[in-house]
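Understanding the architecture of this molecule
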Amino acid sequence: MDPLDLYFQQQSRRQFLGKSAMGLGGAALASMLGGSLLSQVVRAAAAGDTAALSAVLPQFAPKAKRAIYLFMAGAPSQIDLWDHKPGLRALFDKDLPDSVRNGQRLTGMTAGQSRFPLAPSVFNFKQFGKSGTWVSELLPWTSQIVDDIAVIKTIWTDAINHEPAITLIQTGNMNTGHPSLGSWLSYGLGSLNENLPTFVVMTSKFSNHSNVQALSTRLWSAGFMPMEHAGCCLRGSGDPILYLTDPDGVDRSTRREMLDGVNGLNALEHERIGDPETETRITEYEMAFRMQSAVPELTDFSGETEATYELYGQDAKEPGTFAANCLLARRMAERGVRFTQIFHRGWDQHSDLPQNMRMQCGDVDHACYGLIKDLKQRGLLEDTLVIWGGEFGRTVYCQGKLTETNYGRDHHPRCFSMWMAGAGIKGGITYGTTDDFSYNIVENPVHIRDLNETVLNQFGIDGNQFTFRYQGLDQRLIGVVDANVVKGIMA
């Protein structure tokens, strides 16, 4: 956006009250919408930006108030977890038919292989629940909640390598500098609480330390939006947030006086220049001050019962584990955190997949069960959307040496499995069909932009109309191509 245009659009609250035709009545309306929404509505109204005003409000009745996104970074194998293909057993070590691959591109890691031998899963599958959902033996706990979740087998993406794929699914664009899903929800809906961030991110300990993909802050960045919409990352050891404790010799009243002074200087700067990031800085200082009281209480598990730990598994007692982060996510849901994202790395299994998958599933399986059960028994699942999945899938053919008990799998963007639960999602269903090789989609394809559109839909937002003006364009989470809600998984 042109700097002069930005200057005239972004005005302070005082400028808004003095110049806006809405006057004090408009400010009163904005104040009723909540603290985080106030600055957005004021700025939009002052600029006469009706598109921005519509963006900060739900366009229709939402099913979800909050979301918890469980992201398995590195791409879990759908063939070994959800997409049961018993017919592959008879085709062990046979070449993948050319008619199945159909000239589709491969990564540089397997494009040079002389052949593509089929590698059936070594894991047994059984049907569970009233729905009869097929689940791998690797997920004995998750198999007990299949009647509460919708398994989508036909997710697909455009990217074939990790960085562009994970950036695409998180931000709707393979290029960096775009807001993440959590940031879009923060921008559009604001906060449900005053003392904790709207968008919180946690990274978990993981067992498989081979082929580990790095996670960068751009995955929870606000991109071109004001920084108040960026994810706040909680640490798994030590203070959850750096500098959470006041320095020695500084009491709370002194801290308050110092912040008031800094905020006063920032307010003068905002009056003079009108940079929205200055207002964001004021907001973030205030949030940090309130978090000094709220975060220690949030992360204090001393009041949790042994029955709760039995739900999540004993790993929940160890800070930084996936189980502990899931329990913390439930506590944040109770306290009004809008969007919680938990990353778990180590799912990039190009070799030794059977051994590594056992470890990875051991990290997350029990906790996923516990989270759904705990949310449900507390009445939170009905308006909390839970999402589980990675950035793409794995190939049916083996990468490297194949034996009857060991194999690796390369990246596969053509089809992979994810699941969703709560907030208007129909439990006990399997959506979409892949071919006999879990290579191509046969029925009900779901592009990741459709996935993101479905998430927005549950929050009462039409992603095709939900925009943010940047550099002269109306930017969207779903990108330039319209997306569709996956109505087949709706209750």
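These numbers come from a predicted model, not from an experiment.

As for the environment of E297
Mapped onto the elements of the fold, E297 is located in helix α11 (residues 276-298). Not counting residues within four places of it along the chain, the set of residues in contact with E297 comprises R331 and R335. For E297, the side chain forms a polar contact with the side chain of R335, separated by 2.8 Å.

A few points about the packing of helix α13 (residues 322-334) against helix α14 (residues 353-377)
Two elements in contact, α13 and α14, have axes whose closest approach is 8 Å; the angle formed by their N-to-C orientations is 20°. Judged by the angle between their axes, α13 and α14 are roughly parallel. The hand of the α13/α14 crossing is right-handed. Contacts from F322, A323, C326, L327, R330 and A333 of α13 reach α14 at D363, V364, A367, C368, L371, D374 and L375.

Let's talk about the confidence of the model for the protein
In the predicted model, the protein carries a mean pLDDT of 87, and the fraction of residues at 70 or more is 84%. In this model, residues 1-23 is a region of pLDDT below 50 whose contacts with residues beyond four sequence positions or in other chains number 36 contacts. In the predicted structure, residues 30-38 sits below a pLDDT of 50 and forms 16 contacts with residues beyond four places in sequence or in another chain.

Some words on the pattern of salt bridges
Proximity of charged atoms lets side chains of opposite charge pair with each other. On inspection of all chains with the given rule, the structure shows 22 salt bridges. Here E318 and K205 are joined by a salt bridge, their closest N and O atoms 2.8 Å apart. With E318 in the loop between α12 (306-312) and α13 and K205 in the loop between β5 (199-204) and β6 (232-234), the pair connects residues that are 113 residues apart, well separated along the chain. Given a relative accessible area of 38%, E318 falls into the partly exposed group. Between E304 and R330 there is a salt bridge, with the nearest N and O atoms lying 2.7 Å from each other. You can see E304 sitting in the loop between α11 and α12 and its partner R330 sitting in helix α13, a full 26 residues away along the chain. Taken as a pair, E304 and R330 share a single burial class, namely buried. A single network of salt bridges, built from pairs that share partners, joins E297, E304, R330, R331, E334, R335, D374 and R378.

A word on the packing of aromatic side chains
What the rule picks out here adds up to 15 aromatic pairs. Between F71 and F343, the ring centres sit 5.8 Å apart and the planes meet at 65°, which makes this aromatic pair edge-to-face. A residue pair is termed long-range when its members are at least 10 positions apart, and F71 in strand β1 (residues 66-72) and F343 in strand β7 (residues 339-344) qualify at 272 residues. Of the two residues, F71 and F343, both sit in the buried class. For the pair W347 and W388, a centre-to-centre distance of 6.5 Å together with 85° between the ring planes defines the contact as edge-to-face.

Cut-offs applied
Residues numbered from 1 in each chain as written. Predicted model: local features only at pLDDT ≥ 70, side-chain atom pairs only at ≥ 80, totals over all residues. Heavy atoms only, no water. Helix = DSSP H or I, 4+ residues; strand = E, 2+ residues; numbered from the N terminus. Contact = heavy atoms within 4.5 Å. Polar contact = N/O pair within 3.5 Å; in protein donor to acceptor, adjacent residues only side chain to side chain. Axes fitted to C-alpha atoms, helices over the stretch in contact; angles between N-to-C directions. Parallel < 35°, antiparallel > 145°, perpendicular 65-115°, else oblique. Left-handed = near helix turned anticlockwise from the far one by under 90°. pLDDT = per-residue confidence, 0-100. Salt bridge = Lys/Arg side-chain N within 4 Å of Asp/Glu carboxyl O. Buried < 20%, exposed > 50% of the residue type's maximum accessible area, 1.4 Å probe, protein only. Phe/Tyr/Trp six-rings, centres within 6.5 Å; stacked < 30°, edge-to-face > 60°.

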